[in-house]
Amino acid sequence: MNGVELRGVTKAYSGLTVMENINLEIEDGAFLVLLGPSGCGKSTLLNMIAGLEPVTDGSIHIAGRDVTALEPDERDIAMVFQSYALYPTMSVRRNIGFGLKMRGMPKADIDNRVGEIGELLQISPLLDRKPSQLSGGQQQRVAIGRALVREPSVFLFDEPLSNLDAKLRADMRVELKRLHERLGRTIVYVTHDQIEAMTLATRVVVLDKGHIQQADTPENVYRRPANRFVASFVGAPTMNFMDGKLVQYGDGIAFDGGMGQLPMAGLPAKARDLIGQSITLGARPEHLMFDDTGVNARVLLAEPTGPDQYVRLTVAGTEVTARTGPEQQFKSGGDARIMVDGARVSLFDPQSGRAML
Ligand SMILES: Nc1ncnc2c1ncn2[C@@H]1O[C@H](COP(=O)(O)OP(=O)(O)O)[C@@H](O)[C@H]1O
Ligand SMILES: [Mg+2]
């Protein structure tokens, strides 16, 4: 296999295990995003792939080679950090070319290569400046250029956009995605930002407390979360959870969580086996609909965002959020009736939090 493979990777710091038995195959050419909250182990995992942190147990393979015992510069990787880590006294040109110079590449070849990278990243006019004469976004480009110039088989990015303001972050996101499409190289990218994960990744690995919670396409992570942690970490506003049980409802199935019976048209046939059991219903805000035939709810507050609005409601004592178009007017304290799109809900085991369908 030509990508990256982690086999049984474990990491402990002074006896305290922070990553346990991580097994992961990263396909050649993938844009793999490691997503999780602060402290879940994303950087530790990336640093182990880079060779900046030794593994406590297990092995790491890059392009079919066991690199576990190799130094970072022997692994055919390049890394871009959140803090750009540019050499402050060197020009942009020298910053980008430095790695090549260290490898003994002739000056003319370095100049050519740096020129190409400058054009690719649209920083050609900046090549003779010092890092302190650049904006944050420009510095980030230089850091990316320094990684690109080495043409490694794998790029490792650790939260490269988190020091940029929102607008620039969105622009750089688009550029990174284009760059990946153009170069087709394997990227392993760490972020705590679920929007970055959803927009960039060909595959997302959701981590929590040093364990993989789900490794899947962005679409499946969103539509079919493996457990409550993934369900609530991905998606904003967050998924709604209601405790109750499934009940027979005519020929179909309804959810009963003390608000009356909420019909669940479109649930998979397997859901019949769960009738009578306690479950936690998970429904994304866009899958709650205002409908006169629905169950009673009380409006707490409507938050217009421009293209749509988030309506906070209580249903049988549980607070939920519905996402709807901007047209309808809601009054705080008013009554509403809501339905749930049964074809798009998740059902979780209330004890373990695991998805049940
Ligand atoms: N050098 C270290 N020594 C001891 N504990 C560490 C060290 N680096 C990271 N940790 C711990 O390992 C866990 C994962 O950290 P990290 O990989 O930095 O998380 P993330 O990048 O997801 O925010 C945290 O609990 C952190 O405190
Ligand atoms: Mg980190």
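Residues numbered from 1 in each chain as written. Chains lettered and ligands numbered in written order. Predicted model: local features only at pLDDT ≥ 70, side-chain atom pairs only at ≥ 80, totals over all residues. Heavy atoms only, no water.

For the protein, an unreviewed UniProt entry supplies the name ABC transporter domain-containing protein and the organism Thalassospira alkalitolerans. Regarding the protein, the UniProt comment filed under Sequence similarities (unreviewed entry) reads as follows: "Belongs to the ABC transporter superfamily." (UniProt positions renumbered as here; feature names shortened; annotations may be inferred.)

Draft legend 1. Expanded view of the sheet that holds strand S5 (residues 65–66). In spatial order, the strands read S2-S1-S4-S5; together these 4 strands make up an open sheet with antiparallel pairing. In the strand order of this sheet, the two ends are held by strand S2 (16–26) and S5, each with one partner. Relative to S5, strand S4 (residues 57–62) is paired through 2 bridges, and the arrangement is antiparallel. Following the sheet pairing, His61 is matched in S5 by Asp66. The sheet strands contacting helix H1 (residues 42–50) are strand S1 (4–13), S2 and S4, and the helix crosses S1 at an angle near 120°. (Pairing = 2+ DSSP bridges. Helix = DSSP H or I, 4+ residues; strand = E, 2+ residues; numbered from the N terminus. Contact = heavy atoms within 4.5 Å. Axes fitted to C-alpha atoms, helices over the stretch in contact; angles between N-to-C directions.)

Draft legend 2. Spotlight on the UniProt feature "domain: ABC transporter" (unreviewed entry) in the protein. In this structure's numbering, the residues bearing the UniProt feature "domain: ABC transporter" (unreviewed entry) are residues 4–234. For residues 4–234, the helix share is 36%, the strand share is 26%, and the end-to-end C-alpha distance is 25 Å.

Draft legend 3. Examining the sheet that holds strand S10 (residues 211–216) more closely. Taken in spatial order, the 6 strands of this open sheet run S6-S7-S8-S3-S9-S10, and their pairing is mixed. This sheet does not close on itself; its edge strands, each paired only once, are strand S6 (77–80) and S10. The mean inter-strand angle of the sheet, taken between neighbouring strand axes irrespective of direction, is 15°. Pairing geometry for strand S3 (residues 31–35) and strand S9 (residues 203–208), over 4 bridges, is parallel. Bridging from a neighbouring strand, Leu32 pairs with Arg203 of S9. Strands S3, S6, strand S7 (154–158), strand S8 (186–191) and S9 of the sheet are contacted by H1, whose axis makes an angle of about 150° with S7. Lying on the sheet, helix H4 (residues 136–148) is in contact with S6 and S7; it crosses S6 at an angle near 175°.

Draft legend 4. Structural context of the nonpolar core. The biggest cluster of nonpolar side chains holds 41 residues, and the ones touching the most others in it are Ile96, Ile144, Phe157 and Tyr189. In terms of residue count, the dominant contributor to this core is H4 (5 residues). Those residues in contact with Tyr189 that lie beyond four places of it in its chain are Phe31, Leu32, Val33, Leu34, Phe157, Pro160, Leu161, Leu176, Glu196 and Leu200. In terms of nonpolar packing, the next biggest core, distinct from the first, is built from 28 residues, Leu267, Ile279, Ala297 and Leu313 among them. (Core = buried A, V, L, I, M, F, W, Y, C linked by side-chain atoms within 4.5 Å. Buried < 20%, exposed > 50% of the residue type's maximum accessible area, 1.4 Å probe, protein only.)

Draft legend 5. Broad picture of empty space enclosed by the protein. For the structure shown, the criterion picks out 2 cavities of 30 Å³ or more. For the largest cavity, the calculated volume is near 60 Å³. Take the lining of the largest cavity: its biggest share by element is 4 residues, from helix H5 (residues 166–183). Looking at the lining of the largest cavity residue by residue, the classes come out as 7 nonpolar, 1 polar and 1 charged. Considered as a void within the structure, the second largest cavity measures approximately 40 Å³ in volume. Looking at the second largest cavity, the residues that line it are Tyr222, Arg223, Pro225, Met239, Arg284, His287, Arg344 and Ser346. Here the lining of the second largest cavity is built from residues that sort into 3 nonpolar, 2 polar and 3 charged. Structurally, the lining of the second largest cavity is a two-domain feature, drawing no fewer than three residues from each of domain 1 (4–233) and domain 2 (240–348). (1 Å grid on protein atoms, 1.4 Å probe; cavity = no way out; pocket = protein on both sides within 12 Å on 5 of 7 lines; lining within 4 Å. Points joined across faces, edges and corners; volume = space filled by probe spheres on them. Nonpolar A, V, L, I, M, F, W, Y, C, P; charged D, E, K, R; others polar. Domains from an automatic or database assignment.)

Draft legend 6. Quick peek at the domain arrangement of the protein. For the protein, the assigned domains read domain 1 (4–233) and domain 2 (240–348). One C-alpha centre belongs to domain 1, the other to domain 2, and the line joining them spans 39 Å. Listed by partner, the interface residues are 8 residues for domain 1 and 7 residues for domain 2. In total, about 780 Å² of surface goes out of reach between domain 1 and domain 2, with carbon and sulfur atoms giving 48% of it. Its largest share of buried area at the contact with domain 2, domain 1 owes to Tyr222, Arg223 and Arg228, together 68% of the area lost on that side. (Buried area = accessible area lost by both parts, 1.4 Å probe.)

Draft legend 7. Just the layout of surface pockets, in detail. There is about 660 Å³ of room inside the largest pocket. Lining the largest pocket are 23 residues; nearest its centre among them are Asp73, Ile77, Ala78, Gly99 and Arg150. When contributions to the lining of the largest pocket are tallied by element, the ones reaching two or more residues are S6, helix H2 (92–102) and H4. Examining the composition of the lining of the largest pocket, we find that 4 residues originate from one element, H2, more than from any other. Each residue belonging to the lining of the largest pocket can be placed in one class, and the counts come to 16 nonpolar, 1 polar and 6 charged. What the second largest pocket holds in volume is close to 240 Å³. Every residue lining the second largest pocket is counted, 14 residues in all, and those nearest its centre are Arg223, Arg224, Val345, Ser346 and Leu357. Of the residues that constitute the lining of the second largest pocket, the class distribution is 9 nonpolar, 2 polar and 3 charged. Mapping the lining of the second largest pocket onto the domain boundaries places at least three of its residues in each of domain 1 (4–233) and domain 2 (240–348).

Draft legend 8. Spatial organisation of the site of ligand 1. As a matter of local geometry, ligand 1 sits amid Tyr13, Val18, Pro37, Ser38, Gly39, Cys40, Gly41, Lys42, Ser43 and Thr44. One nitrogen or oxygen atom from the side chain of Thr44 is found 2.5 Å from an oxygen atom belonging to ligand 1. For ligand 1, the protein covers 56% of the area, taking 560 Å² as the surface of the free molecule. Among the elements that make up the shell around ligand 1, the one with the highest residue count is H1 (3 residues). Of the residues contributing to the shell around ligand 1, the split by class is 4 nonpolar, 5 polar and 1 charged. (Near = heavy atom within 4 Å. Polar contact = N/O pair within 3.5 Å; in protein donor to acceptor, adjacent residues only side chain to side chain. Areas by Shrake-Rupley, 256 points an atom, 1.4 Å probe, with all protein chains shown as cover.)

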